[in-house]
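# Reading the structure
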Amino acid sequence: RLHSMLFRDQSEGSRIGPTWRELFEAPRPVVPFQRWWTGREDELVALAVQGTPAYVYDLPTVRAAARGLAQLQHIERAFFAMKANFHPGILQAIAAEGLGIECVSPGEIRHALDSVPGLTPDRILFTPNFAPREEYAFGFEQGVRVTLDNLHPLLAWPELFAGREVLVRI
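Calculation rules
- Residues numbered from 1 in each chain as written.
- Predicted model: local features only at pLDDT ≥ 70, side-chain atom pairs only at ≥ 80, totals over all residues.
- Heavy atoms only, no water.
- Salt bridge = Lys/Arg side-chain N within 4 Å of Asp/Glu carboxyl O.
- Helix = DSSP H or I, 4+ residues; strand = E, 2+ residues; numbered from the N terminus.
- Phe/Tyr/Trp six-rings, centres within 6.5 Å; stacked < 30°, edge-to-face > 60°.
- Buried < 20%, exposed > 50% of the residue type's maximum accessible area, 1.4 Å probe, protein only.
- Lys NZ or Arg CZ within 6 Å of the ring centre and 35° of its normal.
- Pairing = 2+ DSSP bridges.
- Axes fitted to C-alpha atoms, helices over the stretch in contact; angles between N-to-C directions.
- Parallel < 35°, antiparallel > 145°, perpendicular 65-115°, else oblique.
- Left-handed = near helix turned anticlockwise from the far one by under 90°.
- Contact = heavy atoms within 4.5 Å.
- Core = buried A, V, L, I, M, F, W, Y, C linked by side-chain atoms within 4.5 Å.
- Patch = residues over 30% accessible without salt bridge, like charges linked within 9 Å, V, L, I, M, F, W, Y side chains within 5 Å.
- Areas by Shrake-Rupley, 256 points an atom, 1.4 Å probe, with all protein chains shown as cover.

The subject of this paragraph is the pattern of salt bridges. Enumeration over the complete set of coordinates arrives at 6 salt bridges. Measuring nitrogen to oxygen at the nearest pair gives 3.0 Å for the salt bridge that ties Glu97 to Arg67. Taken together, the positions of Glu97 in the loop between helix H5 (88-96) and strand E2 (100-103) and Arg67 in helix H4 (residues 59-70) put the pair 30 residues apart, joining distant regions of the chain. Look at the salt bridges and you will find they share partners, linking Arg40, Glu43 and Asp58 into a network.

Next comes the structure, spelled out in structure tokens:
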């Protein structure tokens, strides 16, 4: 009803897409899905006994998710935001599946390079927020891809960016 109220003056042939009813009222097949922790309760309880809080990740699940992102057809490169999880094992698994690592500070760049053997600087995307000149200079010195979140750095330090490739986040 909401759809028809919002688009009542539109003819049937001019709809943007399917109606709510067409999308959601038709029965959809149920695909069985087994969570990674199913059947591993004893193992997880044993980990919890060692101390909590505890974060437990299933590396095959992490790898499968990263592989799925890396295989997206219309995306040239995909990057994992290190701020989501900086654990070296997670970073290694994600990088092994072809994803790059997005860092927001010089410390994260160092951590990525130290944590993932063989990680090349072109697989690191540096996206600082309102960073000082020194942080941009550090990114360039490391050879990583640098993103600007505003045009102030270009106006304030044009010599730092002259002749360099940068990404501008809009």
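Continuing now.
The final tally for this structure, using the stated rule, is 4 aromatic pairs. Summarising the aromatic geometry, the rings of Trp36 and Trp37 are spaced 5.6 Å apart at their centres and angled 85° between planes, so their arrangement reads as edge-to-face. For Trp36, a relative accessible area of 23% puts it in the partly exposed group. Between Tyr136 and Phe161, the aromatic rings sit 5.6 Å apart at their centres with planes inclined by 65°, giving edge-to-face as the arrangement. Of the two residues, Tyr136 sits in helix H7 (residues 133-142) while Phe161 sits in helix H9 (residues 158-161), which places them 25 residues apart along the sequence. Pair check on accessibility: Tyr136 and Phe161 agree, each one buried. Counting every residue linked through ring pairs, the aromatic cluster contains Tyr136, Phe140, Trp157 and Phe161. Against the face of Phe140 rests Arg164, its NZ or CZ located 4.3 Å from the ring centre.

A few words now on the environment of Glu165. By secondary structure assignment, the location of Glu165 is in the loop between H9 and strand E5 (167-168). Between the alpha carbons of Glu165 and Val146 there is a distance of 7.8 Å; along the sequence they are 19 residues apart.

Now for the sheet that holds strand E3 (residues 124-126). With parallel pairing, 5 strands are arranged side by side in an open sheet as E1-E2-E3-E4-E5. Edge positions in the open sheet fall to strand E1 (79-81) and E5, since each of these has one partner strand only. When E3 meets strand E4 (residues 145-148), the two strands line up parallel, connected through 2 bridges. Note on E4: the bridge partner recorded for Leu125 is Arg145.

Okay, the packing of H4 against H5 next. Where H4 meets H5, the axes come as close as 8 Å, and the angle between the chain directions of the two elements is 40°. What the angle tells us is that H4 and H5 run oblique. Crossing geometry of H4 relative to H5 is assigned as right-handed. In this structure, H4 contributes Leu59, Val62, Arg63 and Ala66 to the contact, and H5 contributes Gly89, Ile90, Ala93 and Ile94.

In this fold, Trp36 is placed in the loop between helix H2 (20-24) and helix H3 (41-50). In contact with Trp36, not counting residues within four places along its chain, are Leu44, Val56, Asp58 and Thr61.

Turning our attention to the nonpolar core. Within the largest apolar cluster, 29 residues are counted, with the highest numbers of intra-cluster contacts made by Ile101 and Tyr136. Residue assignment for this core shows that the elements contributing at least two residues are H4, H5, E2, helix H6 (106-115), E3, H7, E4 and H9. Among the elements that take part in this core, H5 stands out by supplying 5 residues, more than any other. Ignoring any residue separated from it by four or fewer positions in sequence, one finds Ile101 in contact with Phe79, Phe80, Met82, Leu91, Ala112, Val116, Leu119, Arg123, Ile124 and Leu125.

Moving on, we come to a nonpolar patch on the surface. A cluster of nonpolar residues, Leu151, Leu155, Val168 and Ile170, forms a patch on the protein surface that exposes about 510 Å² of accessible area. Considering the arrangement of structural elements, one finds Ile170 in the segment after E5.

From the geometry alone we can't say anything about function, so treat these as descriptive.
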